[in-house]
Amino acid sequence: MSVQATGTPSRTLVARLPDWDREDAAAFAPVLDAVDLLTPYVEVLEPGAFAVPLRRGAGGEAAFCETLIDTVAGLVDQDCVTGVADGLFAAVLAAREGRIVPPGGDAAFLAARDITDLRATGLVEPETCETLRHLGITTLGAFAALPGAAVAERFGPQARRAQLLAAGRPARPLAPRPADPDLTVATVPETPYATVDQAVFAARPLAERLLALLDGRNLTCTRLTVTARAATGLTRRRTWQVDPAATAADLARRVRWQLEGWLLSSRGDACGAADEHRTGAVTALELTPGGLLDLIEAGRGLWDVKDPATARAEAALRRMQSLLGPEAVRIAAATDGRGLTERAGSAAWEAEAPPAPPRGPWPGALPDPPPALAGTGEPVDVLDAAGTPVAALARGGLSATPATVALGGKRIPIVAWAGPWPVSERWWSPAARRYTRLQVELADGSAALLVCERSRWTVGGWYD
Amino acid sequence: MATSVAAALAAELGLRTAAELRPATEAGDAPPLTRTRSAADTPPVALAGAAARPDALPATIRPPRTILPVTPDIAALLPFGGLATVTAITGSRRGATSLLWRLLAGPTRAGAWCALVGMPGRYPLAATAAGADLHRLAFVDAAGPRIADAAGALAEGVAALVVPSDGLSPAQARRLTARARKGGTAIVWWETRPVAGPDARLEVARVRWRGLRVNTDRRWGAGRLHACELDVAAHWRSGGGHRARVWPYGGEPQGNVVELRPKGGRR
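Residues numbered from 1 in each chain as written. Chains lettered and ligands numbered in written order. Predicted model: local features only at pLDDT ≥ 70, side-chain atom pairs only at ≥ 80, totals over all residues. Heavy atoms only, no water.

A few words on helix 6 (residues 126-134) of chain A. Residue and element names in this part refer to chain A. Residues of helix 6 that are buried include every one of Thr128, Cys129 and Leu132, and no others. All buried residues of helix 6 lie within an arc of 100° about the axis, which places them on one face of the element. The exposed residues of helix 6 that point more than 90 degrees off its buried face are Glu127 and His134. Contacts made by the buried residues of helix 6 are with helix 7 (140-145) and helix 8 (148-155). Two residues or fewer after helix 6 comes glycine 136, characterised by a positive phi angle close to 90°. (Buried < 20%, exposed > 50% of the residue type's maximum accessible area, 1.4 Å probe, protein only. Helix = DSSP H or I, 4+ residues; strand = E, 2+ residues; numbered from the N terminus. Arc of directions from axis to C-beta. Contact = heavy atoms within 4.5 Å.)

Written as structure tokens, this is what we have:
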């Protein structure tokens, strides 16, 4: 989060427990919890190794390493080796011998290392290292000095990325540890839940347990992943956006919607099967929090923007979702696209991520105002004064001046018009689309956007 | 756990206890996003005030608790200068959707949640073009008898609720209106069937589309539709009518801001 946000490059500390059993991921969690007390951002590289960002120029790196080693040694009674460097790759190598690379010294430190250390990037095969050694390239410095294009051509893009790392370029900021694994709460009933009511009955205490767990850590979640395992071995998972202030009842309601949908759909699949109750039965239920926020941070957001009226409105909308289903309340937003229907996206409120905002200017889209009613698509005929159909030509013009519109058996004269504006999209792919648009104002006072695609005119939208 | 968190929060944020806060909440009853009536708008709301007013309202109409802000062109058409209690828009008239979006532009911009129940086919970007904030506009998919359920669930929550009047029976409509008045929600009837007694009924008397040309004998028509001009007639329950010219999508010519022509009528 803030690691990426801060503009100044940071230092990276990597700590390794050389004697740690690589398979034992679960036992490593308490170690991470202890490190959490020292620093909030911990990326787990593998069981027994983790990385922590340090602020550049904060000083006292050696002292911090001492504290870290003492903490870990006191907890698990194992040796811990730390290494500090600017980049993650250099820090991993420094951790092998417990060195602190001075700021800006990454390239010099890496240049002297043996070529086999390239495997620590996880990007190259041992055979590649061997080939490089046969080519006379024995150190990372020699490898970094090779022309990049040649490396990419000979060994592929992975090796090229490894070369950048070997040159001491910082590859990526650290990704802080995601949701703590033991924050997931699960329940496994003795007899599988066959009905939604049984499952929801169990979901309520489960949600309360989750909230109590988060509360004890001064955390709150903005996402909730509901996982249900069915008797058939099928696992279903769905992530919801939740309000940081959601109560156990809110969370249980999410579970209810989710299960209703799943149990219904699995019944539908197994229609006619003798054991149709079994196919939909839920044997385990799991709730995983995501997007963890500090409670104080979350509360600040709440109090800054949410006044009582908004909170009441959102409560009403949530009640509505429980009545009509989560898909019933939709939020619309502008998104990427050129055509009318492509430009407007919609998502179920709080149940789906909102549509992405437009990333480009989309030249060729009609400027505002857009039609107020869209998506009807009724077929229409555009006729000229003599009554012959008007065609949109490939060069972008019309075959004749449009004079009337025949819509549902009625002929309505055109009072004013503009266009046509042709669009040719994705001509290089099978999804190619060519259409043209025409604005007309009719004698009865209505105005419409007509779309001609594959020489058929339809109403794209009514201005209303 | 929870109590220690609360104490930590209070200490860090410098909060006061609930007892200290109570007088403040009682004094400012109305939510901050709504505009409270000022003395300049209408006579004071004292008990004697209703009888003393020259245009005394029927006893059933009390001044609404919350008045949602609207854009200035719409404000001239509404009795309290803002969106409150019951408004009806004649849905059969052309341009009514544009008028609806313009009506909702003020409340949604002010951060109030508005909900449209059972009105499919509306193109949301037209609302943006008319100035509404889509983040505060909930489109509720409902049809048939579910419209009444949905509207009932929302009536005491959202700030403004748009409902097609033919989705509800007259009795349901009366109940909904009563609940909305109690809860301070503004109901906007999308009048596909006449409803009884709205505080204001807005009707688009005439719509003119600007920007298209006759383009005689042309194969390629110049111009483009860039604006629309609505002549809106408002009939208030308290009597009197107002007319205003509304440009929902902008493009208003200079010097013709909002023309307010109060009719002589029953004044």
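Having seen the structure, we can now continue with the description.
A word on unusual backbone geometry. Across the chain, the bulk of peptide bonds are trans and the bulk of non-glycine residues have phi less than zero. Note the cis peptide between aspartate 368 of chain A and proline 369 of chain A, where omega equals 0°. Its place among the elements puts proline 369 of chain A in the loop between strand 10 (344-348) and strand 11 (373-374). Non-glycine residue serine 455 of chain A carries a positive phi angle of around 55°. As for its position among the elements, serine 455 of chain A is in the loop between strand 16 (447-453) and strand 17 (456-463). When its relative accessible area of 68% is taken as the criterion, serine 455 of chain A is described as exposed. Positive phi values are uncommon outside glycine, yet aspartate 217 of chain B reaches one of about 55°. Inspection of the secondary structure puts aspartate 217 of chain B in the loop between strand 6 (200-212) and strand 7 (223-236).

All names here are of chain A. Of all six residues that make up strand 1 (residues 11-16), five are buried, and the element is covered over most of its length. Bridge count for strand 1 against strand 3 (residues 49-54) is six bridges, and the pairing is antiparallel. Its bridge partner lying in strand 3, valine 14 is registered against alanine 51. Two strands pair when backbone bridges link them, and strand 1 and strand 4 (residues 81-85) are joined in this way by five bridges, in the antiparallel orientation. (Pairing = 2+ DSSP bridges.)

A separate point is helix 10 (residues 196-216) of chain A. For helix 10 of chain A, built from 21 residues, the straight-helix expectation of 30 Å at 1.5 Å per residue is met to within 8% by its first-to-last C-alpha distance of 30 Å. Two residues or fewer past helix 10 of chain A, asparagine 218 of chain A is found with a positive phi of approximately 60°. (Expected span 1.5 Å × (residues − 1).)

All names here are of chain A. In space, the seven strands of this open sheet follow the order 11-17-16-15-14-13-12, with antiparallel pairing throughout. Strands with a single pairing partner mark the edges of an open sheet, and in this sheet they are strand 11 and strand 12 (381-384). Sheet analysis places strand 14 (residues 410-425) next to strand 15 (residues 433-442), joined by nine bridges and oriented antiparallel. In the sheet register, glutamate 425 faces strand 15, and the bridge partner there is arginine 433.

Attention now moves to the packing of helix 14 (residues 308-324) of chain A against helix 7 (residues 146-154) of chain B. One can describe the packing of helix 14 of chain A onto helix 7 of chain B by two numbers: an axis separation of 8 Å at closest approach and a directional angle of 155°. Judged on the interaxial angle alone, helix 7 of chain B and helix 14 of chain A are roughly antiparallel. Considering how the two elements wind past one another, helix 14 of chain A and helix 7 of chain B form a crossing that is right-handed. For the pair helix 14 of chain A and helix 7 of chain B, contact is made by Ala316, Leu317, Arg319, Met320, Leu323 and Leu324 of chain A and by Arg146, Asp149, Ala150, Gly152, Ala153 and Leu154 of chain B, respectively. Among the residues forming the contact of helix 14 of chain A with helix 7 of chain B, the class breakdown is eight nonpolar, one polar and three charged. (Axes fitted to C-alpha atoms, helices over the stretch in contact; angles between N-to-C directions. Parallel < 35°, antiparallel > 145°, perpendicular 65-115°, else oblique. Left-handed = near helix turned anticlockwise from the far one by under 90°. Nonpolar A, V, L, I, M, F, W, Y, C, P; charged D, E, K, R; others polar.)

On to the pattern of salt bridges, then. All names here are of chain A. Tallied over the entire structure, the rule returns 31 salt bridges over all chains. Taking the shortest distance from any N to any O, the salt bridge between glutamate 61 and arginine 11 comes out at 3.0 Å. Here glutamate 61 is found in helix 3 (residues 61-76), whereas its partner arginine 11 is found in strand 1, with 50 residues between them in sequence. Of the charged contacts, one joins arginine 256 and aspartate 197 as a salt bridge, the two residues approaching to 3.4 Å between their closest N and O atoms. (Salt bridge = Lys/Arg side-chain N within 4 Å of Asp/Glu carboxyl O.)

Let us look at the packing of helix 8 of chain A against helix 9 (residues 157-166) of chain A. Residue and element names in this part refer to chain A. At their nearest, the axes of helix 8 and helix 9 sit 7 Å apart, and the two run at 140° to each other. Our pair here, helix 8 against helix 9, has a crossing hand that is right-handed. Contact residues: helix 8 offers Gly148, Val151, Ala152 and Phe155, while helix 9 offers Pro157, Ala159, Arg160 and Gln163. Of the residues in the contact of helix 8 with helix 9, the class split is five nonpolar, two polar and one charged.

Attention now moves to the side chain of arginine 338 of chain A. Residues and elements named next belong to chain A. Turning to its location among the elements, arginine 338 is positioned in the loop between strand 9 (329-334) and helix 15 (340-343). Of the polar contacts made by the side chain of arginine 338, one reaches the backbone oxygen of proline 363; its length is 2.8 Å. Within the structure, the side chain of arginine 338 is placed 3.0 Å from the side chain of glutamate 425, a separation counted as a polar contact. Sequence-distant contacts of arginine 338, defined by excluding residues within four places in its chain, comprise Arg343, Trp362, Pro363, Gly364, Ala365, Val423, Glu425 and Tyr435. (Polar contact = N/O pair within 3.5 Å; in protein donor to acceptor, adjacent residues only side chain to side chain.)

Relative to the helices and strands, valine 162 of chain B resides in strand 4 (residues 160-164). With 47 residues separating them in the primary sequence, valine 162 of chain B and alanine 115 of chain B have C-alpha atoms 6.2 Å apart.

A few words now on the interface of chain A and chain B. Taken together, the contact pairs 63 residues of chain A with 64 residues of chain B. For the pair chain A and chain B, the number of links is two salt bridges. For the pair chain A and chain B, the interface holds 21 residue pairs in polar contact (both at pLDDT 80 or more). Broken down by secondary-structure element, the contributors of at least two residues to the side of chain A that touches chain B are helix 10, helix 13 (295-305), helix 14, strand 9, helix 15, strand 11, strand 14 and strand 15 of chain A. In terms of residue class, the side of chain A that touches chain B is made up of 38 nonpolar, twelve polar and 13 charged. Here three bridges tie strand 9 of chain A to strand 3 (residues 137-140) of chain B, and the two strands are oriented antiparallel to one another. Bridge assignment links valine 329 of chain A to a residue of strand 3 of chain B, and that residue is valine 140 of chain B.

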